[in-house]
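Chains, contacts and geometry: an overview
Letter by letter, the chains look like this.
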Amino acid sequence: MVKVVCKHQSVLGEGPLWDERRQILYWVDIRNGAVHQWNARMSQFKSTNFGGRVGAVALCEDDQLLVAKDDGVVLLNEITGKPQKGQLPEHEILKFRFNDGKCDPLGHFWIGGMSDDEQPGVGCLYTMNDRFVFKEIMHGLTIPNGMAWDIRLHRFYFIDTPTLNIMSYYYDIVSGQITDPRIAFSICPTDGYPDGMAIDTEGMLWIALWDGWKVARYDPGTGKMVCSISLPVARVTSCTFGGAALTDLYITTAKAGLTEEELKKQPLAGSLFVVQDCGAKGLNGYRFKR
């Protein structure tokens, strides 16, 4: 059963991230420049506003938080709240913003950059190392979105939303480089646009479908939709596994771009949802290494 986690609603909720050490779920509201957190043990909601826009957050091995802001990536000390570092990749996009990011098995931060008006072909995918140095991995993207590494750490899955394709690359666990791009499978347009995603212990991909009213589980080997979870909102943005056993599926959503009439029909748009004991188990996310 799909449940609303807390009363807060985001304009563009994205990037859910589970902290297994603290049992806290982080997510962002890109448009409002906010990082939200839900303490599952205490059933408490907290929000921090950074101004501008925030594309993604990541956990560090020392429990600090990495925040991708308009003006760079900031390392935030959770105790003092004081940012320690920040840097911006070189780019020529006038209205640049970050969009979706995760850490890879080597502890590097992967982050997408795009035009705020979704201009085709100007987006990029970067990696950032422990010295906060960016390297461009891909260019010519539009809306860089979901990322996942397979359970054997040999494949990297990636989504550029408008293409409707789930791309698969060979991932070198020693160098962190990706090669051998291929289309793993494509999403049927009637199911919505692929946004954020997560991977479970069976290697299945859970993909949030923007304007699709659902999260769907796909077999990346066959491209078959194994099952889906319907939501009471259209703009489903991302998902991640959480809970003590990593069997709860947390789902972020958005209300950005909905008309007044659509909002009346979707009063829960922008909410954070959870499906407890969803029938699959996730993996702990990777952390940024410094």
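Residues numbered from 1 in each chain as written. Predicted model: local features only at pLDDT ≥ 70, side-chain atom pairs only at ≥ 80, totals over all residues. Heavy atoms only, no water.

Its volume calculated, the largest pocket comes out at about 530 Å³. The wall of the largest pocket is formed by 32 residues, among which K102, T240, L283, G285 and Y286 lie closest to the centre. Looking at the lining of the largest pocket, the elements that each hand over two or more residues are β2 (13–19), β6 (54–59), β9 (96–103), β13 (144–149), β17 (193–199) and β21 (236–242). Split by residue class, the lining of the largest pocket holds 21 nonpolar, eight polar and three charged. Roughly 340 Å³ of internal volume is contained in the second largest pocket. (1 Å grid on protein atoms, 1.4 Å probe; cavity = no way out; pocket = protein on both sides within 12 Å on 5 of 7 lines; lining within 4 Å. Points joined across faces, edges and corners; volume = space filled by probe spheres on them. Helix = DSSP H or I, 4+ residues; strand = E, 2+ residues; numbered from the N terminus. Nonpolar A, V, L, I, M, F, W, Y, C, P; charged D, E, K, R; others polar.)

Attention now goes to unusual backbone geometry. If you check the backbone angles, D100 has positive phi at about 65° while not being a glycine. Here D100 lies in strand β9. We note that W213 has phi near 65°; this positive angle belongs to a residue other than glycine. As for its position among the elements, W213 is in the loop between β18 (205–210) and β19 (214–218).

One open sheet holds the four strands; their spatial order is β9-β10-β11-β12, and the pairing between them is antiparallel. Edge strands, defined here as strands with exactly one partner in the open sheet, are β9 and β12 (134–141). Here the average twist between neighbouring strands, direction ignored, is 20°. For strand β10 (residues 109–115) and strand β11 (residues 123–128), the ladder comprises five bridges, and the chain directions are antiparallel. Looking at the pairing, F109 lines up with M128 of β11. (Pairing = 2+ DSSP bridges. Axes fitted to C-alpha atoms, helices over the stretch in contact; angles between N-to-C directions.)

Moving on, we come to the side chain of S168. Following the sequence through the fold, S168 ends up in strand β15 (residues 165–171). Reaching out from S168, the side chain makes a polar contact with the side chain of R155 at a distance of 2.9 Å. (Polar contact = N/O pair within 3.5 Å; in protein donor to acceptor, adjacent residues only side chain to side chain.)

Strands sit in the order β6-β7-β8 across an open sheet of three strands; the sheet is antiparallel. Pairing within the sheet leaves two strands with one partner each, and these edge strands are β6 and β8 (72–76). The mean angle between the axes of side-by-side strands here comes to 20°, regardless of whether they run parallel or antiparallel.

A few words on the pairing of β12. Inspection of the sheet shows β11 paired to β12 by six bridges, in the antiparallel sense. If you follow G123 over to β12, its bridge partner there is L141. Hairpin connection of β11 to β12: five residues between the antiparallel strands, including F132 at a positive phi of 65°.

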